[in-house]
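One letter stands for each residue in the lines below.
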Number of protein chains: 2
Amino acid sequence: MVNQNEENLNEIFHALANETRRDIVRMMALNERTVSELAEPFDMSLAAISKHIKVLEKANLVERIINGRTHICRLKTESLSQATEWLNFYEKFWSKRFDLLESELMKAKRKEN
Amino acid sequence: MVNQNEENLNEIFHALANETRRDIVRMMALNERTVSELAEPFDMSLAAISKHIKVLEKANLVERIINGRTHICRLKTESLSQATEWLNFYEKFWSKRFDLLESELMKAKRKEN
DNA sequence: ATTATATTTAACTATATAGTTGAATATACA
DNA sequence: TGTATATTCAACTATATAGTTAAATATAAT
């Protein structure tokens, strides 16, 4: 059953590890967009963008609303939050350690005087 | 000159898109560790872990202090922060949009009455 | 000097990724 | 009905990734 949460994190971080896909996220953050609207700024085939969107979808970063022949893509932020949480945990952990280290140094300094 | 900042983000997110590497980050968050200490819990060759550490190093997530024949690995948080910032920006953006949407709905609701 | 320990490097394999082009599918329009 | 539009799918290529094992390097210990 391969821990689902870790698998999600793999997919989210992998999805974000590509500049084109981050650009797509940026565009969707401004407003929901159709596939061809998302593809327009890129010097790349529509099929390539279609694949990128699928990667974002697999990572649960995109919701697709099929509206006749056009697909509307909307950013889903739950996954973004999941990634943020992971990062925040370790960042906080680290800064706490750092503060601890600092206060130890202060103690040592005080003893010197 | 391929935007350096975007290249960094590629490397950071790619480094974090792997469970083994996230585990390594977790271990280093607790305390700095030698390469073999980091390798110990994994059912994987030392060479494989050596490579994973290199990926983290390339992403600027690890600082290596060579101490005789042992290498000590320490987490660097600047890169973590860089990733967090990227994520926070889009999360905030999105929740702002959402708030806006909500307040529009409220306005509409009030007009109904 | 010899041997043991810590780590990297090289060569290799299997699989995944990012892109391409051309065809297929599905819907809209005249 | 026939044609244009929006999107995906399939097949293919080139490159990257994650792992392996065996050998190389460098330092420490006897």
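In short, a report on the structure. Being a predicted model, the structure only gives us computed values, none of them experimental. (Residues numbered from 1 in each chain as written. Chains lettered and ligands numbered in written order. Predicted model: local features only at pLDDT ≥ 70, side-chain atom pairs only at ≥ 80, totals over all residues. Heavy atoms only, no water.)

1. Quick notes on the protein's contact with DNA strand D
- Surrounding DNA strand D, one finds 23 residues, the nearest of these being Ser36(A), Ser50(A), Arg64(A), Lys51(B) and His52(B).
- Considering DNA strand D, the proportion of its atoms within 4 Å of the protein that are sugar or phosphate atoms stands at 68%.
- A distance of 2.7 Å separates a phosphate oxygen of DNA strand D from a polar side-chain atom of Ser50(A).
- With respect to DNA strand D, the side chain of Lys54(A) contributes an N or O atom lying 3.2 Å from a phosphate oxygen.
- It is helix H4 (residues 46–58) of chain A that provides the largest number of residues to the surface near DNA strand D, a total of five residues.
- Across the surface near DNA strand D, the residue classes break down as six nonpolar, ten polar and seven charged. (Near = heavy atom within 4 Å. Polar contact = N/O pair within 3.5 Å; in protein donor to acceptor, adjacent residues only side chain to side chain. Helix = DSSP H or I, 4+ residues; strand = E, 2+ residues; numbered from the N terminus. Nonpolar A, V, L, I, M, F, W, Y, C, P; charged D, E, K, R; others polar.)

2. Some thoughts on the nonpolar core
- In terms of nonpolar packing, the biggest core is built from 58 residues, with Phe13(A), Leu16(A), Phe13(B) and Leu16(B) touching the most fellow members.
- Apart from residues lying up to four places away in sequence, Phe13(A) is in contact with Ala83(A), Trp86(A), Leu87(A), Phe13(B), Leu16(B), Ala17(B) and Arg22(B). (Core = buried A, V, L, I, M, F, W, Y, C linked by side-chain atoms within 4.5 Å. Buried < 20%, exposed > 50% of the residue type's maximum accessible area, 1.4 Å probe, protein only. Contact = heavy atoms within 4.5 Å.)

3. Some remarks on the packing of aromatic side chains
- Taken as a whole, this structure holds seven aromatic pairs over all chains when the rule is applied.
- Ring centres of Phe89(B) and Tyr90(B) lie 4.9 Å apart, and the angle between their planes is 90°; on these two criteria the pair is classed as edge-to-face.
- Taken together, the ring pairs in this structure connect Phe13(A), Trp86(A), Phe89(A), Tyr90(A), Phe13(B), Trp86(B), Phe89(B) and Tyr90(B) into an aromatic cluster. (Phe/Tyr/Trp six-rings, centres within 6.5 Å; stacked < 30°, edge-to-face > 60°.)

4. Focus: the environment of Asn10(A)
- For Asn10(A), the location among the structural elements is in helix H1 (residues 4–16).
- Asn10(A) sits 49 residues away from Ala59(A) along the chain, and the two C-alpha atoms are 8.4 Å apart.
- Apart from the residues lying within four places of it in its own chain, the contact partners of Asn10(A) are Ala17(B), Asn18(B), Glu19(B) and Arg22(B).

5. Topic: the protein's contact with DNA strand C
- Taken together, 22 residues surround DNA strand C, and among them Lys51(A), His52(A), Ser36(B), Ser50(B) and Arg64(B) come closest.
- For DNA strand C, the backbone portion of the atoms within 4 Å of the protein, that is sugar and phosphate, comes to 70%.
- In this structure, a phosphate oxygen belonging to DNA strand C sits 2.6 Å away from a side-chain N or O atom of Ser50(B).
- In this structure, Lys54(B) approaches DNA strand C through a side-chain N or O atom, which is 3.3 Å from a phosphate oxygen.
- Among the secondary structure elements, those contributing two or more residues to the surface near DNA strand C are H4 of chain A together with helix H3 (35–39), helix H4 (46–58) and strand S3 (70–75) of chain B.
- Grouping the constituent residues of the surface near DNA strand C by class yields six nonpolar, ten polar and six charged.

6. Considerations on the interface of chain B and chain A
- On the side of chain A, 31 residues touch chain B, which itself brings 31 residues to the contact.
- Of the roughly 3100 Å² buried where chain B meets chain A, counting both sides, 63% is carbon and sulfur surface.
- Among the residues of chain B in contact with chain A, Arg22(B), Tyr90(B) and Trp94(B) are the three that bury the most area, contributing 21% of the side total.
- Where chain B touches chain A, the interface holds four salt bridges.
- The closest approach of N and O atoms between Glu6(A) and Arg26(B), which form a salt bridge, is 3.9 Å. (Buried area = accessible area lost by both parts, 1.4 Å probe. Salt bridge = Lys/Arg side-chain N within 4 Å of Asp/Glu carboxyl O.)

7. What about the relation of the copies chain B and chain A?
- Each copy superposes on the other: chain B lies on chain A with an RMSD of 0.0 Å after a rotation of 180° and an axial shift of 0.0 Å. In symmetry terms, the pair is related by a two-fold rotation axis.
- When the interface residues of chain B are mapped onto chain A, 100% of them again lie at the interface, so the same face is used by both copies. (Least-squares fit on C-alpha atoms with pLDDT ≥ 70 in both.)

8. Concerning the environment of Ser79(A)
Residue and element names in this part refer to chain A.
- If you trace the backbone, Ser-79 turns up in helix H5 (residues 77–112).
- Taking the C-alpha atoms as reference points, Ser-79 and Phe-13, 66 residues apart in sequence, are found 9.7 Å from one another.
- Leaving out residues up to four positions away in the same chain, Ser-79 has contacts with Ile-12, Ala-59, Asn-60 and Leu-61.
- A distance of 3.1 Å separates a polar side-chain atom of Ser-79 from the backbone oxygen of Asn-60.

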